[in-house]
Amino acid sequence: MTRVLVIDDHPIVLQGTQQLLEDVGVKHVHQAQSLADGFRAYRTQKPDAIIVDLAMHSGSLGGLSFIRRLRLHDQNTPILVFTMHSDPVIVSRALEVGATGYVLKDTPPEEVQTAFQRVRENRPYLSHDLASEVAFMEARGTTNPLRRMTVRELQTLALVAEGKPYGVIAEHLHVSYKTVANTCTQLKAKLGVRTLPELMRIAIQHLPAANGKMQR
């Protein structure tokens, strides 16, 4: 394997990931700092594997849509999610839409390399802790409200957690203002709340990565 595409909006992550990949023999690392650029790079560079974050500039878990869209064109290219989102519901959803492996950004470099080596062989990879959490969630029938969310609802909720107004959310997700308003109404019903501040509080509670962005 000689070509890997890394999609992340943080230059330091791109630089560090490139070094990790070069250390395991990858000769050509292509980089993209947005999901749109990443998809264009996929079409032109035809990478042997893809490493992608879930939450880019918009914080909307757009990586889920990216994976689902790519899988409509390509069922074979390995995809490793490299992100801060550790919620087992989000991990499970990423695997459902087509990710081959999932690793967290606070993982030691050696494990990231192990994850990549496994995924490059088209073998699934989850760290032991993540795998245990996902298995436990599935076994007990989790009460986590994110479990009932569609990909679009998860993306919208992540942006709500950052305090984005409906108009900005619509721009990020490339949908109408009305669609965002309707999605938020559905989210309120699913989560048992009535107001936007209540929805935001629950969003922050269940999407800690988004909470961290708000505090920076």
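Residues numbered from 1 in each chain as written. Predicted model: local features only at pLDDT ≥ 70, side-chain atom pairs only at ≥ 80, totals over all residues. Heavy atoms only, no water.

Draft legend 1. Quick look at the side chain of Gln 113. With respect to the helices and strands, Gln 113 occurs in helix α5 (residues 109-120). At 3.2 Å, the side chain of Gln 113 and the backbone oxygen of Leu 20 are in polar contact. Other than its neighbours up to four places away in sequence, Gln 113 contacts Leu 20, Asp 23 and Val 24. (Helix = DSSP H or I, 4+ residues; strand = E, 2+ residues; numbered from the N terminus. Polar contact = N/O pair within 3.5 Å; in protein donor to acceptor, adjacent residues only side chain to side chain. Contact = heavy atoms within 4.5 Å.)

Draft legend 2. The nonpolar core, seen in detail. Ranked by size, the top nonpolar core spans 49 residues in total, and within it Ile 50, Ile 67 and Tyr 102 carry the most contacts. Looking at this core element by element, the count peaks at seven residues for helix α7 (residues 151-161). Split by domain, this core shows at least three residues from each of two domains, domain 1 (3-140) and domain 2 (145-206). Sequence-distant contacts of Ile 50, defined by excluding residues within four places in its chain, comprise Leu 5, Ile 7, Tyr 42, Phe 66, Leu 70, Thr 77, Pro 78, Ile 79 and Leu 80. (Core = buried A, V, L, I, M, F, W, Y, C linked by side-chain atoms within 4.5 Å. Buried < 20%, exposed > 50% of the residue type's maximum accessible area, 1.4 Å probe, protein only. Domains from an automatic or database assignment.)

Draft legend 3. A look at the pattern of salt bridges. Overall, the coordinates contain eight salt bridges when judged by the stated rule. A salt bridge links Glu 121 to Arg 123; the nearest nitrogen and oxygen atoms lie 2.8 Å apart. A salt bridge links Glu 153 to Lys 190, with the nearest nitrogen and oxygen atoms 2.7 Å apart. Of this pair, Glu 153 sits in helix α7 while Lys 190 sits in helix α9 (residues 177-191), placing them 37 residues apart in sequence. By relative accessible area, which is 30% here, Lys 190 ends up partly exposed. (Salt bridge = Lys/Arg side-chain N within 4 Å of Asp/Glu carboxyl O.)

Geometric descriptors of this kind do not, in isolation, establish any biological role.
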